[in-house]
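Read off the chains here:
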Amino acid sequence: MSPHLPTPAAVRIPRRSRSSAESLSGIWAVTLTSALLAGLYFGREVLVPLALAALITFLLAPVANRLERWLGRIAAVLVTMMLVLGGAVTLGWTLGRQAVDLAYQLPSYEENIRAKLISIQGQGSGAISKVSETMEDLKKDLPGAKDEGDLAGQSENEPMPVEVVDNASEKPMEMIRSMAAPVLGPLGMSALVILLATFMLLKRDDLQGRVIRLIGQGRISATTRAMNDAGTRVRKYLLMQLVVNVTYGIPLAIGLYFIGVPNAILWGALAAVLRFIPYIGPWIAAAFPILLSLAVAPSWVAPMMVISLFVVLELISNNVLEPWLYGSSTGVSPIALIIAAVFWTWLWGPVGLVMATPITVCLVVMGRHIPSLAFLSVVLGEEEALTPSEDFYRRLLKQGEHDEMELAEAFLKTNSLTELYDTMLIPVIIACEEDYRTGSIDADQHNDISQALTELVEDLEDRQINSLETADGTSYHPACRVQCLAARGERDRIAGAMAVHVLRQQGFDAANIPATRAINELIASLERDLPDLVCISVVEPSKAVHARKLCQRIRRVLPEQRIVVGLWGREENIDEDAEILREAGAEEIFTNVADLSAHADRLALHLAEQTEPPQRPEDEEDRLLALNRLGLVNPDREPVLDHITEKLARIFEAPMTAITLVDRERQLFKAHTGLPEGLAEDEDSPRDLSICGHVVAADGLVVVKDLQRDRRFAKNPMLTKHSIRFYAGVPIHASNGQPIGALCIMDSSPRGFSKREQRMLEENAAEVAEELERMAEIALPT
């Protein structure tokens, strides 16, 4: 073996190194997690007071900050804690009084309790007694069972064991300790929490700086934002929960009072407090009033009313108040809240259940702002796990399981077509091409996804109104002609089809040329069509160099052609590629369809700066002879025709209608209704500025939904001066068939024009032509 070639062992060493490193990393993660859980569990005696104190500090910090402006920090903290303690003592004293009152009243309920037990026993005595007798018979047949007589004899003959208890040996201090422990423990915990919270409020700025230094590791801004966000969310959550609990406890106390349950204030306050314990708190709060109503009421009506009251309040609170008030204040998914409640209850008991939501909120916020903890936001947060493009791509990989059109239409309910292409479908193309290049998907999957995207774009375009035609089918003249060329592959053509769809929807004459055509054919089509704008479509792994070559070839043949390049979905190395493409002749470089559409709008306005005059018919002289034969080529208005324009205004609900005749250089208004005052006083206008001149040149119907989006009329001074936005006109023919003028309707805002309206306008134009012929016959000398 040559000494220059690596041995098999040498080749395998790096792989073993990577495997060992991955194993050590996994072991380290498991060990660290286990140590963290053990510390949380065994250190709960210390951590629980700290967590409760931190929670109280979060809640009281805004109050202390506000009081600090007038009292100073120490006085503000002391006043805040005194207010909290005063409220707690007042609440405790009230609840204690209610509890003592209840204790005095309980003996009077003994007869009601006995009567209900007897009634329950009487109603179920038959079934219960039979089950009891059956169980007793089965016990006798069990192995090792003894007869009652044997047990009786054994009890008579054998001595009973006697246990001697020395009460004198029990020390008084031990008795006091056993009696005081259940009370002193919670009191000591509460005192410790209050003390810690007081010092945390006093040193809150210092503690925040230390936490930022410890967790942030130099990322001061991110950690500060995380802590502020966490504090805001926790405070908002606790405040909203307090509002919900109070609005739950007050109606409960009122309802229990009118039902007749004693000490209603006690049970309402207890319910408001216990609801801070998620999931089990409301059940505990409901148990006491229900049992008490069973003891107090002589019938079953009151207990059923108490149960109904709790059910109604829970439904209103859970389905109306909590969604309305909470909103997205926590930012934690519902399943994460349930898992967190189970986890922290297992670790810290009932206190952990209370602390579960605030702790989880803090973890989610840290994951959102600190990159190394991003997994916490993904696992616990309420945000979607996948972006719309990732989710759509995942569904495309499962061919036949999902309808792509349904997914696209669901996205379009809240987003625009441009956003659908820019944020969802183009990223899908890029992801598909990257996976195919790396071998993550095979050729069949790649082709299936490309075909699915192609069909989706075609279906979307078929389902929407084609902007090249109005909703009624009349031709619409767009303001800018755009052609998209694929730089290299099918992926470029699909992205180009998306761009074309958006442009067509906005009223542009756009076309997409596939990449299968040769470059010479592409350039020949450009020479023939002469588009206003050429867009070269590029999607990775196609590169800017492919667009550069195509741009250079076009520039050699058509040096005046406007060219832009769409590097769809590109986020990196844009400046370098843009410089290369501009050197090759590209005017602009875009990374999304929205920017291309905006550029086309600007170009359309630029192109519309020059008004396009109407063309002259080839038989213009014959047309003028037919017009002169009528004897109406004069600026005088013909009032006999006003009834027609007035009728048209009513039928079409149009503010402006007119009958015009088109002479060699002028447009004459022979009858009109609703024309702007300045235009009506002129009685005529230049033919080159008239839309009726285009009707005569076309010798057919002309409908322009929006004159400002039509290159021929966007900058027409006569139209812009009088704010005319819509036009529909049909030619008026002489007896020899020559178009001599137009019957038209106009509006100050864009509108549609149906086929039925077209037929009606043409019928009225025939009526006008007959009326003009009669007027000409009357005017002729006899």
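## Some remarks on helix α22 (residues 544–557)
Owing to its 3.6 residues per turn, the α-helix aligns residues three or four sequence positions apart on the same side.
Thinking step 1. Helix length check: α22, at 14 residues, gives a terminal C-alpha distance of 20 Å against a target of 20 Å (1.5 Å per residue), a fit within 8%.
Thinking step 2. Elements in contact with the buried residues of α22: β1 (481–486), α21 (519–529), β3 (533–538), β4 (563–567) and α23 (574–583).

## A short note on the confidence of the model for the protein
Thinking step 1. In this model, the protein carries an average pLDDT of 76, and 76% of its residues clear a pLDDT of 70 or more.
Thinking step 2. In the model, residues 1–18 has pLDDT below 50 throughout and makes one contact with residues more than four positions away in sequence or in other chains.
Thinking step 3. Segment residues 465–477 is flagged for pLDDT under 50; beyond a separation of four residues in sequence, or across chains, it makes 33 contacts in the model.

## A short note on the environment of R481
Thinking step 1. Looking at the element boundaries, R481 is found in strand β1.
Thinking step 2. The class of R481 is partly exposed, set by a relative accessible area of 33%.
Thinking step 3. Put simply, R481 and R504 are 23 residues apart on the chain and 9.9 Å apart in space, counted from C-alpha to C-alpha.
Thinking step 4. Every residue in contact with R481, bar those within four places of it in the chain, is listed here: D509, D529, L530, P531, D532, L533 and R711.

## Structural notes on the packing of aromatic side chains
Thinking step 1. For the coordinates displayed, the defined rule picks out six aromatic pairs.
Thinking step 2. Measuring from centroid to centroid gives 6.2 Å for F343 and W346, while their planes differ by 50°, and the two rings are tilted. Of the two residues, F343 and W346 both sit in helix α13 (residues 334–348), three residues apart, roughly one turn of that helix.
Thinking step 3. By relative accessible area, which is 27% here, F343 ends up partly exposed.
Thinking step 4. An aromatic cluster of three or more residues is present, and its members are F343, W344, W346 and W348.
Thinking step 5. Note that R751 overlies the ring of F726, its terminal NZ or CZ placed 5.4 Å from the centroid.

## What to know about a nonpolar patch on the surface
Thinking step 1. A surface patch of nonpolar side chains, amounting to about 800 Å² of accessible area, comprises L239, L242, V243, V246, I250, I254, Y257 and F258.
Thinking step 2. Mapped onto the secondary structure, I250 falls in helix α9 (residues 220–259).

## Observations concerning the sheet that holds strand β7 (residues 666–673)
Thinking step 1. In spatial order, the strands read β8-β7-β6-β11-β10-β9; together these six strands make up an open sheet with antiparallel pairing. The sheet is open, and its two edges are formed by β8 (684–686) and β9 (702–704), each paired on a single side. Neighbouring strand axes in the sheet, compared pairwise and without regard to direction, differ in orientation by 25° on average.
Thinking step 2. Alignment of strand β6 (residues 656–662) against strand β11 (residues 739–747), held across six bridges, turns out to be antiparallel. Among the inter-strand pairings, T660 is bridged to a residue of β11, identified as A742.
Thinking step 3. The strands touched by helix α26 (residues 642–652) are β6, β7 and β11; relative to β7, the strand with the most contacts, the crossing angle is about 70°.

## Focus on the packing of helix α20 (residues 490–505) against helix α24 (residues 593–607)
A pair of packed helices is characterised by two quantities: the angle between their axes and the separation of those axes.
Thinking step 1. The N-to-C vectors of α20 and α24 enclose an angle of 45°; their axes lie 10 Å apart at closest approach. Taken together, the axes of α20 and α24 lie oblique to each other. Note that α20 runs across α24; the crossing there is right-handed. In this structure, α20 contributes A499, V502 and L503 to the contact, and α24 contributes V593, L596, S597 and A600.
Thinking step 2. Split into classes, the residues belonging to the contact of α20 with α24 amount to six nonpolar, one polar and no charged.

## Focus: the side chain of Q483
Thinking step 1. Note that Q483 resides in strand β1.
Thinking step 2. Of the residues examined, Q483 reaches a relative accessible area of 8% and is grouped as buried.
Thinking step 3. With near-sequence residues (within four places) excluded, Q483 lies in contact with A511, I513, S525, L526, D529, P531, L533, V534 and C535.

## Regarding a negative patch on the surface
Thinking step 1. On the surface, D636, E677, E681, D682 and E683 cluster together into a patch of negative charge.
Thinking step 2. Its place among the elements puts E683 in the loop between α27 (677–682) and β8.
Thinking step 3. Under the relative-accessibility criterion, E683 is labelled partly exposed at 33%.

## Looking at α21
Thinking step 1. Residues of α21 that are buried include every one of L522, I523, S525 and L526, and no others. Down the axis of α21, the buried set is contained in an arc of 155°. They therefore lie on one face. Exposed side of α21, more than 90 degrees from the buried face: N520 and R528 are the residues found there.
Thinking step 2. The inward-facing, buried residues of α21 contact β1, β2 (509–513), β3 and α22.
Thinking step 3. With its phi angle positive at about 50°, L530 sits one or two positions after the end of α21.

## A few points about the pattern of salt bridges
Thinking step 1. Evaluation of the coordinates by the stated rule reveals 24 salt bridges.
Thinking step 2. Close ionic contact of E767 with K647 constitutes a salt bridge, the shortest N to O distance being 3.3 Å. Within this pair, whereas E767 is found in helix α30 (residues 755–779), its partner K647 is found in helix α26, the two being separated by 120 residues in sequence.
Thinking step 3. Taking relative accessible area as the criterion, E767 reaches 29% and is therefore assigned partly exposed.
Thinking step 4. On the basis of relative accessible area, K647 is assigned to the partly exposed category, the value being 23%.
Thinking step 5. Each of D391, R394 and R395 takes part in salt bridges that share partners, so that together they form one network.

## Let's talk about the sheet that holds β1
Thinking step 1. Pairing is parallel across the open sheet formed by five strands, whose spatial order is β2-β1-β3-β4-β5. Lying at the two open borders of the sheet, with one neighbouring strand each, are β2 and β5 (588–590). Taken over all neighbouring pairs, the strand axes of this sheet differ in orientation by 20° on average, direction set aside.
Thinking step 2. Judged from the three bridges that link them, β4 and β5 form a sheet pairing that is parallel. Bridge pairing links G566 to F590 in β5.
Thinking step 3. The strands touched by α20 within the sheet are β1, β2 and β3, with β2 carrying the most contacts at an inclination of about 170°.

## Quick word on the side chain of R751
Thinking step 1. Summarising the element assignment, R751 is placed in the loop between β11 and α30.
Thinking step 2. When its relative accessible area of 18% is taken as the criterion, R751 is described as buried.
Thinking step 3. A polar contact is formed between the side chain of R751 and the backbone oxygen of F652, at a distance of 3.0 Å.
Thinking step 4. In this structure R751 touches F652, E653, A654, K705, F726 and E757, once residues within four positions along its chain are discounted.

## Things to note about the pairing of β2
On any regular strand, side chains alternate: one points to one face of the sheet, the next to the other face.
Thinking step 1. Pairing of β1 with β2 involves five bridges; the strand directions are parallel. In the strand pairing of β2, V482 is matched with A510.
Thinking step 2. Taking the sense of rotation as the criterion, the β-α-β connection linking β1, α20 and β2 turns out right-handed.

## Let's talk about the nonpolar core
A general trend in soluble globular proteins is that nonpolar side chains are found buried together.
Thinking step 1. Core analysis: the biggest nonpolar cluster contains 49 residues, and L252, L256, W344 and W348 have the highest contact counts within it.
Thinking step 2. If you tally residues by element for this core, the top one is α9, at eight residues.
Thinking step 3. Contacts of L256, omitting those with residues within four sequence positions, involve V261, A264, W267, P289, V306 and L309.

## Structural notes on unusual backbone geometry
Thinking step 1. The step from E540 to P541 runs through a cis peptide bond, and the omega angle for that step is 15°.
Thinking step 2. Mapped onto the elements of the fold, P541 is located in the loop between β3 and α22.
Thinking step 3. Located in the positive-phi region is E653, a residue other than glycine, with phi close to 50°.
Thinking step 4. Looking at the secondary structure, you find E653 in the loop between α26 and β6.
Thinking step 5. Judged by its relative accessible area of 68%, E653 falls in the exposed class.

Scoring rules and cut-offs
- Residues numbered from 1 in each chain as written.
- Predicted model: local features only at pLDDT ≥ 70, side-chain atom pairs only at ≥ 80, totals over all residues.
- Heavy atoms only, no water.
- Helix = DSSP H or I, 4+ residues; strand = E, 2+ residues; numbered from the N terminus.
- Expected span 1.5 Å × (residues − 1).
- Contact = heavy atoms within 4.5 Å.
- pLDDT = per-residue confidence, 0-100.
- Buried < 20%, exposed > 50% of the residue type's maximum accessible area, 1.4 Å probe, protein only.
- Phe/Tyr/Trp six-rings, centres within 6.5 Å; stacked < 30°, edge-to-face > 60°.
- Lys NZ or Arg CZ within 6 Å of the ring centre and 35° of its normal.
- Patch = residues over 30% accessible without salt bridge, like charges linked within 9 Å, V, L, I, M, F, W, Y side chains within 5 Å.
- Areas by Shrake-Rupley, 256 points an atom, 1.4 Å probe, with all protein chains shown as cover.
- Salt bridge = Lys/Arg side-chain N within 4 Å of Asp/Glu carboxyl O.
- Pairing = 2+ DSSP bridges.
- Axes fitted to C-alpha atoms, helices over the stretch in contact; angles between N-to-C directions.
- Parallel < 35°, antiparallel > 145°, perpendicular 65-115°, else oblique.
- Left-handed = near helix turned anticlockwise from the far one by under 90°.
- Nonpolar A, V, L, I, M, F, W, Y, C, P; charged D, E, K, R; others polar.
- Lys, Arg positive; Asp, Glu negative; His and termini not counted.
- Charge placed at Lys NZ, Arg CZ, Asp CG, Glu CD.
- Arc of directions from axis to C-beta.
- Polar contact = N/O pair within 3.5 Å; in protein donor to acceptor, adjacent residues only side chain to side chain.
- Right-handed = clockwise from strand over helix to strand, strands pointing away.
- Core = buried A, V, L, I, M, F, W, Y, C linked by side-chain atoms within 4.5 Å.

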